[in-house]
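As a plain string of letters, each chain reads:
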Amino acid sequence: MEDCIFCRIVAGEIPADVVHTTERTVAFRDQNPQAPLHVLVIPKEHHANAADLATADPAASAELVRTAAAVATAEGYDDHRLVFNSGAEAGQTVFHTHLHLLAGRPMTWPPG
Ligand code: 5GP
Ligand code: ZN
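Residues numbered from 1 in each chain as written. Chains lettered and ligands numbered in written order. Predicted model: local features only at pLDDT ≥ 70, side-chain atom pairs only at ≥ 80, totals over all residues. Heavy atoms only, no water.

## Some points on the coordination of the zinc ion (ligand 2)
The condition that has to hold: Donor selection uses N, O and S atoms within 2.8 Å of the metal (3.2 Å for Na, K and Ca). Since no water is included, sites may look incomplete. In these descriptions, tetrahedral denotes four donors with every angle between 85 and 135 degrees, square planar four donors and octahedral six donors with opposite donors over 155 degrees apart and the rest between 65 and 115, and irregular any other case. Helix and strand assignments come from DSSP, with helices taken as H or I runs of at least 4 residues and strands as E runs of at least 2, each series counted from the N terminus. A simple rule labels every residue: compare its accessible area, found with a 1.4 Å probe on the protein chains alone, to the largest value its type can have, and call it buried under 20%, exposed over 50%, or partly exposed in between.
Binding of the zinc ion (ligand 2) to the protein goes through Cys 4 (SG), Cys 7 (SG), His 46 (ND1) and His 96 (ND1), at separations of 2.1 to 2.3 Å. The coordination sphere of the zinc ion (ligand 2) comprises four donor atoms, whose angles at the metal cover 106 to 117 degrees; the geometry is tetrahedral. For the zinc ion (ligand 2), all donor residues lie on one chain, and their spacing in sequence is C-x2-C-x38-H-x49-H. With Cys 4 in the segment before helix H1 (5-10) and His 46 in the loop between strand S3 (37-43) and helix H2 (50-56), the pair connects residues that are 42 residues apart, well separated along the chain. Given the relative accessible area of 24%, His 46 is considered partly exposed.

## Focus: the sheet that holds S3
Operational definition: By this definition, two strands are paired if DSSP reports at least two bridges between them. Each axis is a line fitted through C-alpha atoms, and for a helix only the stretch in contact is used; angles between axes span 0 to 180 degrees, taken between their N-to-C directions.
If you walk across this open sheet you meet the five strands as S1-S2-S3-S5-S4, and the pairing is antiparallel. Lying at the two open borders of the sheet, with one neighbouring strand each, are strand S1 (18-21) and strand S4 (81-83). Within this sheet the neighbouring strands show an average axis-to-axis angle of 20 degrees, counted without direction. Looking at chain direction, S4 and strand S5 (residues 99-103) are connected through three bridges and run antiparallel. In the sheet register, Val 83 faces S5, and the bridge partner there is His 100.

## Looking at the pattern of salt bridges
For side chains of opposite charge, pairing can occur when their charged atoms come near one another. Stated precisely, the cut-off is as follows: Salt bridges are defined by distance alone: a side-chain nitrogen of Lys or Arg within 4 Å of a carboxyl oxygen of Asp or Glu.
This structure, assessed with the given rule, holds four salt bridges. The shortest N-O distance in the salt bridge between Arg 29 and Asp 17 comes to 3.3 Å. Linking Arg 29 in strand S2 (residues 25-29) with Asp 17 in the loop between H1 and S1, this pair joins segments that are twelve residues apart in sequence. Among the residues examined, Asp 17 registers a relative accessible area of 43% and is labelled partly exposed. Each of Asp 17, Arg 29 and Glu 75 takes part in one network of salt bridges that share partners.

Have a look at this one:
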């Protein structure tokens, strides 16, 4: 997708602080971190949200979660939070599936 900022990161057209890549995913640090560790794990292929990815490519969906857990461990955090925002009202601003990995501070519940 031409206008998609995350597709452009996958293509290497926009720089990102990439911490891990797998066959189907790329993990990079969020530009506006909300915790000491805040990484976005995205599929290399464009899908609009988590449910669309799970329908189109369940293996990639599972790989997002595995990758996030591996990054948390590699960065020294056992406890972590994983978040998918789906839809504008839920806080989604980039419409390319991304899994937020947050760790390194106490988390409150419910999220705002
Ligand atoms: P959303 O609000 O859609 O769930 O999350 C989008 C996230 O992407 C935000 O946390 C925002 O800071 C991050 N983000 C948006 N554009 C860029 C970018 O160009 N580079 C990086 N590293 N993060 C971005
Ligand atoms: Zn995209």
